[in-house]
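# Residue-level structure breakdown
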Amino acid sequence: MDGAIDYSKVVELSIEAREVLSVSLYPNPARDHATLRIEGLNGSEKMIRVLTMDGKLIWTARTSAYEEALPIQNWAAGSYAVQVISGKQVHTEKLIINK
């Protein structure tokens, strides 16, 4: 050891915090009403899309609300994909309607 001091290169790291989108549907299976609860990304606008299982878009809405009532009264019994889209995040839940 010669008494010299060596320093390593300083590297700056940046971590971007992302809010997680959490979605739930209730009641599920539904009969005459269904509510979509959206948690995370508070206050930001989200797109809601409902598709039949063969991919046909039957309903869409934009919301920044915590809960959204889905207008299922005139939808046929069966299974549907409910998507919540916010930025690059897409969350899909399966909704079953029994009449």
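So, here is what we can say about the structure in this document.

Procedures and definitions
For every chain, the first residue of its written sequence is number 1, and the numbers climb from 1 along that sequence. Only residues with pLDDT of at least 70 get local features here, since the model is predicted, and only at 80 or more are side-chain atom pairs given and counted; chain-wide, interface and lining totals rely on the full set of residues. To get the side-chain values, take all heavy atoms of the structure and skip hydrogens and water. Classification of ring pairs uses Phe, Tyr and Trp, with its six-membered ring standing for Trp, and accepts pairs whose centres are within 6.5 Å; under 30 degrees between planes counts as stacked, over 60 as edge-to-face, and the remaining range as tilted. To sort residues, take the accessible area from a 1.4 Å probe on protein chains only and compare it with the maximum for the residue type: under 20% means buried, over 50% means exposed, and anything in between is partly exposed. Side-chain atoms within 4.5 Å are what join buried Ala, Val, Leu, Ile, Met, Phe, Trp, Tyr and Cys residues into a set we call a nonpolar core. In DSSP terms, a helix is any run of H or I states spanning at least four residues, a strand is any run of E spanning at least two, and both are numbered starting from the N terminus. Only heavy atoms enter the contact rule, under which two residues are in contact if any of them lie within 4.5 Å. A pair of strands is labelled paired if DSSP reports no fewer than 2 bridges between them.

With that out of the way, let us pick up the packing of aromatic side chains. Using the criterion set out here, one finds two aromatic pairs in the structure. With a centroid separation of 5.7 Å and an interplanar angle of 40°, the aromatic rings of W75 and Y80 are classed as tilted. The buried category is assigned to Y80, whose relative accessible area is 6%. Counting every residue linked through ring pairs, the aromatic cluster contains W59, W75 and Y80.

Side chains of nonpolar character tend, in soluble globular proteins, to be buried together. In terms of nonpolar packing, the biggest core is built from 19 residues, with L36, W59, L70, I72, W75, V82 and L95 touching the most fellow members. Secondary structure elements with two or more residues in this core: strand 1 (22-26), strand 2 (34-39), strand 3 (46-52), strand 4 (57-63), strand 6 (78-86) and strand 7 (89-97). The residues contacting W59, other than those within four sequence positions of it, are I48, R49, V50, E68, A69, L70, P71 and W75.

Let us look at the pairing of strand 6. Pairing geometry for strand 3 and strand 6, over six bridges, is antiparallel. The partner of M47 across the bridge, within strand 6, is I85. Pairing geometry for strand 6 and strand 7, over nine bridges, is antiparallel. Paired with S86 across the strands is Q89, a residue of strand 7. The hairpin formed by strand 6 and strand 7 contains two residues between the paired strands, and G87 there has a positive phi angle of roughly 60°.

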